[in-house]
Amino acid sequence: MITTKGWPLRARLPLMAGGSMALMCLLAGLLVIMGIRGEAADQQRAQTFETALSVTRHLQREDPPRVLPAQPDGTAIQVVDPSGRVISATGQLAGKPPMADFRPTGASAVAHRELCPPRGMDACMDVVGFQVYTPSGERTVYAANRTVPWYVSGALVAFLVALSLLLILLVMAVTSRTINRTLAPVEAIRAELAEITASDAGRRVPVPESRDEIRLLAQTVNATLQRLDAALVQMRRFTADASHDLRTPIAAARARVEEALLYPDETDWPAMATDVLESLNRLQAIVTDLLELAALDSKPEHVGEEVNLTGLIASEIARQPRRVPVHTDLAPEVMVRGDPLRLTRLLVNLLDNAERHANSEIRVTLRAENGTAVMEVLDDGAGIPPEHRETVFQRFARLDAARNRDAGGTGLGLPIARQTAAAHGGTLAAEDSPQGARLVLRLPLLATHDRPR
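Residues numbered from 1 in each chain as written. Predicted model: local features only at pLDDT ≥ 70, side-chain atom pairs only at ≥ 80, totals over all residues. Heavy atoms only, no water.

Next up on the list: the pattern of salt bridges. Taken as a whole, this structure holds 22 salt bridges when the rule is applied. One salt bridge in this structure joins Arg-45 and Asp-42, with 3.5 Å as the shortest N-O distance. Residue Arg-45 and its partner Asp-42 are located together in helix 1 (residues 9-61), separated by three residues, close to a single helical turn. Judged by relative accessible area, Arg-45 falls into the partly exposed class, the value being 24%. Relative accessible area serves as the criterion here: at 47%, Asp-42 is assigned to the partly exposed category. (Salt bridge = Lys/Arg side-chain N within 4 Å of Asp/Glu carboxyl O. Helix = DSSP H or I, 4+ residues; strand = E, 2+ residues; numbered from the N terminus. Buried < 20%, exposed > 50% of the residue type's maximum accessible area, 1.4 Å probe, protein only.)

Attention now moves to the sheet that holds strand 4 (residues 110-115). Pairing within the open sheet is mixed, and its six strands lie in the order 1-3-2-6-5-4. Two strands in the sheet have a free side with no partner beyond their single neighbour: strand 1 (67-68) and strand 4. Across ten bridges, strand 5 (residues 125-134) lies against strand 6 (residues 137-146) in antiparallel orientation. From the neighbouring strand, Phe-130 faces strand 6, where its bridge partner is Val-141. Docked against the sheet, helix 1 engages strand 2 (76-80), strand 4, strand 5 and strand 6, running at close to 25 degrees with respect to strand 5. (Pairing = 2+ DSSP bridges. Contact = heavy atoms within 4.5 Å. Axes fitted to C-alpha atoms, helices over the stretch in contact; angles between N-to-C directions.)

With that settled, the discussion passes to a nonpolar patch on the surface. Residues Phe-159, Leu-163, Leu-166, Leu-167, Leu-170 and Val-174 make up a contiguous nonpolar surface patch of about 560 Å² in total accessible area. Structurally, Leu-170 can be placed in helix 2 (residues 154-195). (Patch = residues over 30% accessible without salt bridge, like charges linked within 9 Å, V, L, I, M, F, W, Y side chains within 5 Å. Areas by Shrake-Rupley, 256 points an atom, 1.4 Å probe, with all protein chains shown as cover.)

Counting residues in each nonpolar core, the largest one holds 33 residues, and the members touching the most others are Leu-350 and Met-375. When residues of this core are traced back to their parent elements, those giving at least two are helix 5 (309-319), helix 6 (340-357), strand 10 (362-369), strand 11 (372-379), helix 8 (413-423), strand 12 (427-431) and strand 13 (438-444). Per element, the largest residue contribution to this core is six residues, and it comes from helix 6. Setting aside chain neighbours within four positions, we find Leu-350 in contact with Met-375, Val-377, Leu-414, Ala-417, Leu-428 and Leu-439. (Core = buried A, V, L, I, M, F, W, Y, C linked by side-chain atoms within 4.5 Å.)

Enumeration according to the criterion identifies three aromatic pairs in this entry. Here the aromatic rings of Phe-102 and Tyr-142 are separated by 5.6 Å at their centres, their planes lie at 75 degrees, and the arrangement is edge-to-face. A residue pair is termed long-range when its members are at least 10 positions apart, and Phe-102 in the loop between strand 3 (86-90) and strand 4 and Tyr-142 in strand 6 qualify at 40 residues. You'll find Phe-102 and Tyr-142 in the same group, each marked buried. A centroid spacing of 5.4 Å and a plane angle of 85 degrees characterise the contact between Trp-150 and Tyr-151, whose relative ring orientation is edge-to-face. For Trp-150, a relative accessible area of 58% gives the class exposed. If you follow Arg-113 out to its NZ or CZ, it ends over the ring of Phe-102, 5.0 Å from the centre. The lysine or arginine in question, Arg-418, covers the ring of Phe-393, its NZ or CZ lying 3.9 Å from the ring centre. (Phe/Tyr/Trp six-rings, centres within 6.5 Å; stacked < 30°, edge-to-face > 60°. Lys NZ or Arg CZ within 6 Å of the ring centre and 35° of its normal.)

Here we come to the environment of Ile-168. Looking at where Ile-168 falls in the secondary structure, it is placed in helix 2. Remark: the alpha-carbon pair of Ile-168 and Met-21, spanning 147 residues in sequence, is separated by 5.8 Å.

Once that is clear, we can look at the UniProt feature "transmembrane region" (unreviewed entry) in the protein. Per the UniProt record, the feature "transmembrane region" (unreviewed entry) sits at residues 150-174. Helix makes up 84% of residues 150-174 and strand 0%, whereas the separation of the span's terminal C-alpha atoms amounts to 34 Å. (UniProt positions renumbered as here; feature names shortened; annotations may be inferred.)

This brings us to the sheet that holds strand 12. Strand order across the open sheet formed by five strands is 8-10-11-13-12, with mixed pairing between neighbours. Both outer strands of the open sheet, strand 8 (326-330) and strand 12, are each paired with one neighbouring strand and no more. Adjacent strand axes in the sheet meet at a mean angle of 15 degrees, parallel and antiparallel pairs treated alike. Packing against the sheet, helix 6 makes contact with strand 10, strand 11, strand 12 and strand 13, and its axis sits at approximately 25 degrees to strand 11.

What follows is about the state of the cysteines. The final tally for this structure, using the stated rule, is one disulfide. Between the sulfur atoms of Cys-116 and its disulfide partner Cys-124 the distance amounts to 2.1 Å. Given an S-S torsion of about 125 degrees, the disulfide between Cys-116 and Cys-124 has right-handed geometry. On the basis of relative accessible area, Cys-116 is assigned to the exposed category, the value being 52%. The class of Cys-124 is partly exposed, set by a relative accessible area of 30%. (Disulfide = S-S within 2.5 Å.)

Okay, structure coming up:
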């Protein structure tokens, strides 16, 4: 069985168009042949009637000769008396029995039959019978002519086949040309995409001038490449920042160990171990944050369980003392659905960030608002400039003021917090504040009908 599934569009579509045109030509040809055959059969039958009438007129004047002259249209004629004896006939029927035995009945003097074949003949014939009264008595005149074949004539079939082939080839040629012109921009897009690599991701595919789906495809591809380019830039920046932040504690620990090995007698080994341990702790914190981000990237959604956000915040603040006091204003029984461990980590990251920048206090508020749990963490530090409110949520992105004030941060706390909020169907953003930074977390409240009684 021949299949075209593996063929290219340039071959499939012209073949499909040609096949459709062939089917249409076949149906149209059959209709034309049927119409022409009906017209030809009517004309031939009328001619047969006319020939038979001329014989009946002759019979009404005088008796016919035993052998009738041949008719110009090839009509075979017999004159039969009431007893079934052939009185007169054209040459091809001379000496043969009556071609038919039907007779006109009732008031009609004419009868018509199609016989396959009539007696004494070897082909299907249209036979007309006329009843006529002559001076010699009643007579029946039979006139027969060949029926028109279903295809009418070989010349008509040849003409229709030739016309159909011409139309099929024309449709296939036009379809092929249209497909080639349509797919030319697609081929250009494919060729350009095949040459784009990570080293030249700034390249874009050509956009055709036509206002069609191909243009929309090219624009969509370019928009996708733009996002991929931005993602590559962010990945390179992330890799560079991660390498720098990982290299710093490793280099510090290596320097302390090498110095201790060079001067072992002059080295304060407990102090050296303490410094190395601090570097390892920083390294561990960075690696832990990277693993947390990887986990969030691989499982962006968390169904979790019912969490009393009020109790979780109160417990975490009471559990860990801070450098500056933390004041709270918490609405009771604010219920959300999520992962308690990840929500605790989110809260800790926000509190750690606020503690690094606060001067004298941190404020944490929690309320329910229009089906949303809203938690705000405010500090009285320098705050975040409006133009940097999105920068602080980028991985390894820390503002210069943050780096100068505290070099111990990993630069991943706020990105982890925002991604955790997104995984729970919420948002985390830096918003306006009279003083200091104001980070606002919004999470969907647990629906009332979902809560146990």
